[in-house]
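# Structure at a glance
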Amino acid sequence: MKALALLRMMLLLVFIGWLFFWVMLPTKTYKYSWTPNLNNHLNSTYFQEQGTNLLLFAFPVMLIAALGCVYLHFQKKEYDVAKSRHLAAWTRPVLVRPPLGIVSVMELTFVAMFVTLLIWSLSNYLHVSFGHLHMHKEGEKVWEAKFRSVSLRLGYIGNICWAFLFFPVTRGSSILPIFGLTSESSVKYHIWLGHLSTILFSAHSIGFIIYWGMTNQMVLMLEWSRDYVSNIAGEIAFVLSLAMWATTFPRIRRNMFELFFYTHHLYTLYLFFYIIHVGVAYFCTILPGVFLFLMDRYLRFLQSRQSVRLVSTRLLPCATIELNFSKTPGLSYIPTSILFVNVPSISKLQWHPFTVSSNCNMEPDKLSIIIKSGGNWSQKLYQELSSQVDRLLVSVEGPYGPTSSNFLRRESLVMISGGSGITPFISIIREHIFQSTQPNKKIPKMLLICAFKNSADLTMLDLLLPISNPTTNNITQLQLQIEAYITREQTHSLEQTQPLQTIWFKPSPFDSPISSPLGPNSWLWLGAIISSSFIMFLILLAFITRYHIYRVDQKSEMDYNFTLKTLWDMFFVCVCVFVSTSVVFMWLKRGNNDMEGKQIQNLEVETPTSSPGWWLGDGGDREIDESLPKHCLTQATKLHFGARPDLKKILIDCTGTDVGVFVCGPKKMRHEVANICSSGLAPNLHFESISFNW
């Protein structure tokens, strides 16, 4: 533990040092005092103008990413105590309003610090620039030169946003977990940074167009300079960014998701032309985010190439699907994890995230997800499965989620869901079913409040018990209470409800169980990939710079082509990431293939089905030979027809000093719960929002 504490302290110091250089970058001290000395020592013939930025802005983050993998590997094995409560005040919601959504005290603090950094940087850039104003055209007026300077520095500020932009969407990176974050909960940071950077780059681009118009230099819009910034590349990147930005607003994204999805893939071209525009020196400042994102994206691609083994599915009368996959026993995950799913027969390009409802301890060889039929994609999937297909080709990425389940170790848990929002709580309940079978484990009291539109949706409660051996689950040890609200019906109706249907699929030798792309020791292997690929990049970059670019500069009167130098950097990044990742992946894949048993059985057996009437408890139609676990769930469930839960009263009445409050459902519900927890009326409530409505 001491070694881990020292490593954690080292990572923190490196991170603070990295931020310190960002703070100093726009200052006069850095430009006129530090830069000459740094360039003399670091900008050698092996790296030229990239040397300083590689050391100050790229190397620290890559070091954190590599050592963070080591930290996470050993932390997962050694850290087995409840999370300290001293951060509770920092995680409490403090701002609940659109467009930011639910913002905690800690998030608001970091947002304020980041905005301060941007304002500090812009003011210092302008102070330094106005003090040594450069006239770019004969007869240029001072205010015109200042206008150009402001437009240029707005681009610099946008580049700061890009230095952080890719971290929140790098699902498998170690950067987010070492700060206690997940990619799912951090997507909103990517959205904020995306909006802010687009506004800044728009002001930068439009400002230059206005400047060129004022100074009669519109011809510069068509310039692709050989030895300096390419204006055309910047304009192409600007147009691509506007096309992406136009489809990211919530109303368009939700109503026309496919348009948003396909348009957002323009990011590859956007990134390509942006890097060409800014050049190698500024590329080095955003290199870590791009490097780690590309590595994560390639790992996801390698995992998704193999179709996975779909064992069975349960079709519910409420148009909900439970997909049960085979997985390797070594694959572990934490409750509330998500799995990205692609069904080529519906769409070869679309990937959708779904909550993992199974428990890796209770079901070591199965992984389940739940899909509520709502959009076009999920409706097509439900129809295809309803047609009694023998096999469904499915590819997956993940699962992704928290690195520790300590956030569940509360005195009591209150789980509030709306509709399909119940799915992450199924995995939490299954986790505690398993924990109840372990010795010396204290199981928290659990209250599940679920709101459904119709009584048919009550069949989702049947999914609380897994399909494999549901009668063996020791649910009698749980202190579980379920309050189910059916909002659109005054009384139950069973006549129009179809029974739950279970379909078993024929096994195929071309399918494989879901497994981690880097095996059980994935963090250590990821650290090896990060280290080796970055070292390889530095070696190749030093070689091409010293023995090609430097020689061309020496022999020619002109500097080496600005764009070509940038292309070398991008090429080496791609080569190093692809080579290192492919070698490790194929090595581990060979070992997995040797160990993976081909134990595929054709499980075409008749399984029992359930209907919502099983939950209604009127005693008239219930069979007396129901299993004990289901009987216990029925006894723990109370139904409320034609009513909505009084969340404020329920939460305020919660007793205990440490109550974890989880909510997953519509935005209005999440915001209501967040407001209650942040009101101060019940300081024992600790809020946690689970949302995939990006």
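Residues numbered from 1 in each chain as written. Predicted model: local features only at pLDDT ≥ 70, side-chain atom pairs only at ≥ 80, totals over all residues. Heavy atoms only, no water.

### Quick notes on the packing of aromatic side chains
Applying the stated criterion to the full structure yields 36 aromatic pairs. Between Phe 15 and Trp 18 the ring centres are 6.0 Å apart and the planes differ by 35°, which places this aromatic pair in the tilted class. Of this pair, Phe 15 and Trp 18 both sit in helix H1 (residues 2–24), three residues apart, roughly one helical turn. The two residues Phe 15 and Trp 18 agree in class, both being buried. Taken together, the ring pairs connect Phe 15, Trp 18, Trp 22, Phe 57, Phe 114, Phe 164 and Phe 179 into an aromatic cluster. (Phe/Tyr/Trp six-rings, centres within 6.5 Å; stacked < 30°, edge-to-face > 60°. Helix = DSSP H or I, 4+ residues; strand = E, 2+ residues; numbered from the N terminus. Buried < 20%, exposed > 50% of the residue type's maximum accessible area, 1.4 Å probe, protein only.)

### Quick word on the sheet that holds strand E6 (residues 352–355)
Strand pairing in a sheet is mediated by backbone hydrogen bonds. Such pairs are either parallel or antiparallel. Ordered by their spatial adjacency, three strands build an open sheet running E6-E5-E8, and the pairing between neighbours is antiparallel. With partners counted over all chains shown, the strands left at the sheet margins are E6 and strand E8 (395–400), one partner each. In this sheet, adjacent strand axes meet at a mean angle of 25° when their direction is disregarded. Note that strand E5 (residues 338–342) and E6 share four bridges and pair antiparallel. For Val 341, the partnering residue across the bridge sits in E6 and is His 352. (Pairing = 2+ DSSP bridges. Axes fitted to C-alpha atoms, helices over the stretch in contact; angles between N-to-C directions.)

### A word on the packing of helix H7 (residues 183–214) against helix H8 (residues 231–246)
Where H7 meets H8, the axes come as close as 10 Å, and the angle between the chain directions of the two elements is 135°. The angle between H7 and H8 falls in the class oblique. The handedness of the crossing between H7 and H8 comes out as left-handed. Where H7 abuts H8, its residues His 195, Thr 198, Ile 199, Phe 201, Ser 202, Ser 205, Ile 206 and Trp 212 lie against Asn 231, Glu 235, Phe 238, Ser 241, Leu 242 and Trp 245. Among the residues forming the contact of H7 with H8, the class breakdown is seven nonpolar, six polar and one charged. (Parallel < 35°, antiparallel > 145°, perpendicular 65-115°, else oblique. Left-handed = near helix turned anticlockwise from the far one by under 90°. Contact = heavy atoms within 4.5 Å. Nonpolar A, V, L, I, M, F, W, Y, C, P; charged D, E, K, R; others polar.)

### What to know about the packing of helix H12 (residues 280–304) against helix H15 (residues 522–555)
In the contact formed by H12 and H15, the axes pass within 12 Å of each other and the chain directions differ by 125°. As the angle between them shows, H12 and H15 are arranged oblique. As for how H12 packs across H15, the hand of that crossing is right-handed. Contacts between H12 and H15 involve Leu 287, Phe 291, Leu 292, Met 295 and Leu 299 from the first element and Leu 526, Ile 529, Ile 530, Ser 533, Phe 534 and Phe 537 from the second. Within the contact of H12 with H15, the residues separate by chemical class into ten nonpolar, one polar and no charged.

### Comments concerning the environment of Asp 296
Here Asp 296 lies in helix H12. Relative accessible area serves as the criterion here: at 7%, Asp 296 is assigned to the buried category. Sequence separation between Asp 296 and Thr 581 is 285 residues; the distance between their C-alpha atoms is 9.4 Å. Discounting residues that sit within four places of it in the chain, Asp 296 has contacts with Val 169, Thr 170, Arg 171, Gly 172 and Ser 173.

### Concerning the nonpolar core
With 84 residues, the main nonpolar core has Trp 162, Tyr 274, Leu 287, Phe 291, Ile 530 and Phe 537 as its most contacted residues. Among the elements that make up this core, the one with the highest residue count is helix H3 (residues 51–78) (twelve residues). With sequence-adjacent residues up to four places away left out, Phe 291 is seen in contact with Met 62, Ser 533, Phe 534, Phe 537, Val 573 and Val 577. In this structure, Phe 425, Met 446, Leu 458 and Ile 690 belong to the second largest nonpolar core, which totals 35 residues. (Core = buried A, V, L, I, M, F, W, Y, C linked by side-chain atoms within 4.5 Å.)

### Description of the sheet that holds strand E7 (residues 366–372)
Across the sheet, which stays open at both edges, the four strands sit in the order E7-E4-E3-E12 with antiparallel pairing between neighbours. Each having just a single partner strand, E7 and strand E12 (501–504) make up the two edges of the open sheet. Averaged over neighbouring strand pairs, the angle between their axes works out to 15° when direction is ignored. Judged from the six bridges that link them, strand E3 (residues 310–316) and strand E4 (residues 320–326) form a sheet pairing that is antiparallel. Its bridge partner lying in E4, Leu 310 is registered against Phe 325. Across the sheet, helix H13 (residues 376–386) is in contact with E3, E4, E7 and E12; its angle to E4 comes to roughly 70°.

### A closer look at helix H14 (residues 423–435)
Between its first and last C-alpha, H14 extends 19 Å over 13 residues, near the 18 Å set by a 1.5 Å rise per residue. Of all the residues in H14, the buried ones are Thr 423, Pro 424, Phe 425, Ile 426, Ser 427, Ile 428, Ile 429, Arg 430, Glu 431, His 432, Ile 433 and Gln 435. (Expected span 1.5 Å × (residues − 1).)

### Re the state of the cysteines
Scanning the model with the defined rule gives zero disulfides in all. Of all cysteine sulfurs, the one in Cys 574 lies closest to Cys 576, which takes part in no disulfide; the gap is 9.4 Å. (Disulfide = S-S within 2.5 Å.)

### Observations concerning the confidence of the model for the protein chain
Predicted confidence across the protein chain gives a mean pLDDT of 85, with 88% of residues reaching 70 or more. When pLDDT is averaged over each helix and strand of the protein chain, the minimum, 49, is found for helix H17 (residues 613–616) and the maximum, 95, for helix H11 (residues 267–278). Note on residues 77–84: pLDDT under 50 across the span, and eleven contacts to partners over four residues away in sequence or across chains. Taken as a whole, residues 597–614 scores under 50 in pLDDT and shows 33 contacts with residues more than four places along the chain or in a different chain. (pLDDT = per-residue confidence, 0-100.)

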